[in-house]
Amino acid sequence: MAKQDSDCITIDLFANMPRVGRPRTNPLSREQQIRINKRNQLKRDRSSGLRRVELKLHSDLVQKLEEQAINKGLSRGQLIERILSEYINNH
């Protein structure tokens, strides 16, 4: 029996077909890679004097911050940092 390309039911005929996608280049799982990358990022931030601060804002305020950040060519975090530093320097 000849193998037809339209026949995808018989698994043993397709056992040696190459898998679609990017080949695996790292022995660690994706979850482990993400965990290691996050840990390294936190170390880099800490060594450069950065500290993480989290806050909750209303969605309309976040939208306004994003619009201003885009207009000024900054990230939202950079804009918040600039606003805070200007406020502290003026008081």
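Right above here is the structure, for reference.
Now for a look at the structure at hand. Here the structure is a predicted model, which means the values were calculated and not measured. (Residues numbered from 1 in each chain as written. Predicted model: local features only at pLDDT ≥ 70, side-chain atom pairs only at ≥ 80, totals over all residues. Heavy atoms only, no water.)

### Let's talk about the overall build of the chain
Step number 1: What the chain contains, in helices and strands, is three helices and zero strands.
Step number 2: Ordered by position in the sequence, the α and β elements of the chain form the string α-α-α.
Step number 3: For the chain, the exposed surface amounts to about 9100 Å²; the carbon and sulfur share of it is 53%. (Helix = DSSP H or I, 4+ residues; strand = E, 2+ residues; numbered from the N terminus. Areas by Shrake-Rupley, 256 points an atom, 1.4 Å probe, with all protein chains shown as cover.)

### Some points on the pattern of salt bridges
Pairing between side chains becomes possible if they bear opposite charge and their charged atoms approach one another.
Step number 1: Taken as a whole and assessed by the stated rule, the structure comprises three salt bridges.
Step number 2: Among the salt bridges present, the one from arginine 35 reaches glutamate 31, with a minimum N-O distance of 2.9 Å. You can see arginine 35 and its partner glutamate 31 sitting in helix H1 (residues 30–47), four residues apart, about one turn around the helix. (Salt bridge = Lys/Arg side-chain N within 4 Å of Asp/Glu carboxyl O.)

### Structural notes on a nonpolar patch on the surface
Step number 1: A cluster of nonpolar side chains, namely Val53, Leu55, Leu57 and Leu61, defines an oily patch on the protein surface of about 380 Å² accessible area.
Step number 2: Look at leucine 57 and you get partly exposed, because its relative accessible area is 37%. (Patch = residues over 30% accessible without salt bridge, like charges linked within 9 Å, V, L, I, M, F, W, Y side chains within 5 Å. Buried < 20%, exposed > 50% of the residue type's maximum accessible area, 1.4 Å probe, protein only.)

Remember that the coordinates give geometry; whether it matters functionally is a separate question.
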